[in-house]
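Chain residues, written in single-letter form:
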Amino acid sequence: MKIKKQETMKKFFFFVIVLFINILSFFVITQQKGRASYYADKFHGKKTSSGKIYHRDSLTCAHKTYPFGTLLEVKNPENGKSVIVEVTDRGPFSKNRIIDLSYAAAQQLGILNQGVVHVELQEWKWNFLKFHPITFEFKNIFVNVSQQANKELEIDKEKVLK
């Protein structure tokens, strides 16, 4: 009986340790820090690894591991600027870089003059809690009744909604 309790406790602690490692690794993997560069003009109009044509004015990037179509938020910690880009290509093929950005993305981050800078990137998820629906408040609504009469009918919203 005592041996079974010890085995159960060992299994429980093993499970907790594995769970803890998985949770920590999730947060480590979801954010990367490293150096970024941007595509040279000679790639404009060429096909990327995903099959899409690279356009320098698109907000796209090349990443070694993220699936094509993934949206990444790239932040320049020096100036606080960030941009959301779509992974459309593989690369960069330089060991000391984690991402290649399109010209437009590099421009939005303010890195065109430096060429290679330190960035932070993470997968971008749509946060519905940040966005609220836009509502318009109309006190009076005017409806054009007839073109011949050239008169407008005034409808008081408060009376109609009672």
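Structure shown above.
Now for a look at the structure at hand. Please read all numbers here as calculations on a predicted model, not as lab measurements.

1. Brief notes about the layout of surface pockets
In this structure, the largest pocket spans a volume of roughly 220 Å³. Lining of the largest pocket is provided by 14 residues; of these, Tyr39, Phe43, Asp89, Arg90 and Asp100 occupy positions nearest its centre. The residue inventory of the lining of the largest pocket, partitioned by class, reads seven nonpolar, two polar and five charged.

2. Notes on the pairing of strand E1 (residues 31-38)
Note: E1 against strand E6 (residues 117-123), six bridges, orientation antiparallel. Note that in E6 the partner of Lys33 across the bridge is Glu120.

3. Re the packing of aromatic side chains
Per the stated rule, a full pass over the model turns up three aromatic pairs. With 6.0 Å between their ring centres and 75 degrees between their planes, Tyr39 and Phe43 make a pair best called edge-to-face. Taking relative accessible area as the criterion, Tyr39 reaches 8% and is therefore assigned buried. A connected cluster of aromatic rings, assembled from ring pairs, spans Tyr39, Phe43 and Tyr54. If you follow Arg56 out to its NZ or CZ, it ends over the ring of Tyr103, 3.9 Å from the centre. For Arg90, the ring lying beneath its charged end belongs to Phe68, and the centroid distance is 4.2 Å.

4. Considering unusual backbone geometry
Cis geometry is found at the peptide bond from Gly91 to Pro92, where omega equals -5 degrees. Counting through the fold element by element, Pro92 comes out in the loop between strand E4 (82-89) and strand E5 (99-101).

Reading guide: rules and limits
Residues numbered from 1 in each chain as written. Predicted model: local features only at pLDDT ≥ 70, side-chain atom pairs only at ≥ 80, totals over all residues. Heavy atoms only, no water. 1 Å grid on protein atoms, 1.4 Å probe; cavity = no way out; pocket = protein on both sides within 12 Å on 5 of 7 lines; lining within 4 Å. Points joined across faces, edges and corners; volume = space filled by probe spheres on them. Nonpolar A, V, L, I, M, F, W, Y, C, P; charged D, E, K, R; others polar. Pairing = 2+ DSSP bridges. Helix = DSSP H or I, 4+ residues; strand = E, 2+ residues; numbered from the N terminus. Phe/Tyr/Trp six-rings, centres within 6.5 Å; stacked < 30°, edge-to-face > 60°. Buried < 20%, exposed > 50% of the residue type's maximum accessible area, 1.4 Å probe, protein only. Lys NZ or Arg CZ within 6 Å of the ring centre and 35° of its normal.

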